[in-house]
Amino acid sequence: VQVVESGGGLVQAGGSLRLACVPSERIFGTNIMGWYRQGPGRQRESVATWISSGSGPTYADSVKGRFTMSKDNTENTIYLQMNSLKPEDTAVYYCNIRSFARDGEISDAWGQGTQVTVSS
């Protein structure tokens, strides 16, 4: 599986962006879909993750109430709606899909990342 992110850009503080992640194929079975980010000089961190067997996404404390992760099964797309953006949200945002096969094999698919820059 390959994934491609889009939707990044430059926005002023308080603004909004919507990121999209499109897998190269439909994902079936047990999986975890997630958005991660890596800011300048920082380690990659989880922003939002969604376990296939769960009841919905889990968010990092820093984005709760501002970011919303959603899935459109018809469009086979994963979204990250980002509102009330802050300069500290500036980072390269990555989409990840971790799939768990019945034989125990785990596969990770990462996109190339999309840059989000929030100006103050």
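The rules behind these values
Residues numbered from 1 in each chain as written. Predicted model: local features only at pLDDT ≥ 70, side-chain atom pairs only at ≥ 80, totals over all residues. Heavy atoms only, no water. Helix = DSSP H or I, 4+ residues; strand = E, 2+ residues; numbered from the N terminus. Buried < 20%, exposed > 50% of the residue type's maximum accessible area, 1.4 Å probe, protein only. Contact = heavy atoms within 4.5 Å. Core = buried A, V, L, I, M, F, W, Y, C linked by side-chain atoms within 4.5 Å.

## Considerations on the environment of Gly39
Relative to the helices and strands, Gly39 resides in the loop between strand S4 (30–38) and strand S5 (45–51). A relative accessible area of 12% means that Gly39 is categorised as buried. Through-space distance from the C-alpha of Gly39 to that of Gln115 is 9.6 Å; in sequence the pair is 76 residues apart. The contact partners of Gly39, leaving out residues within four places of it in the chain, are Thr90 and Ala91.

## Here's the deal with the nonpolar core
Across soluble globular proteins, nonpolar side chains have a tendency to be buried as a group. Trp35, Met69, Leu80, Met82 and Tyr93 are the most contacted members of the largest nonpolar core, which totals 26 residues. Elements supplying a minimum of two residues to this core: strand S3 (17–23), S4, S5, strand S7 (67–72), strand S8 (77–82), strand S9 (91–100) and strand S11 (114–119). Of all the elements, S9 adds the most residues to this core, at four residues.

None of this, on its own, says anything about what the molecule does.
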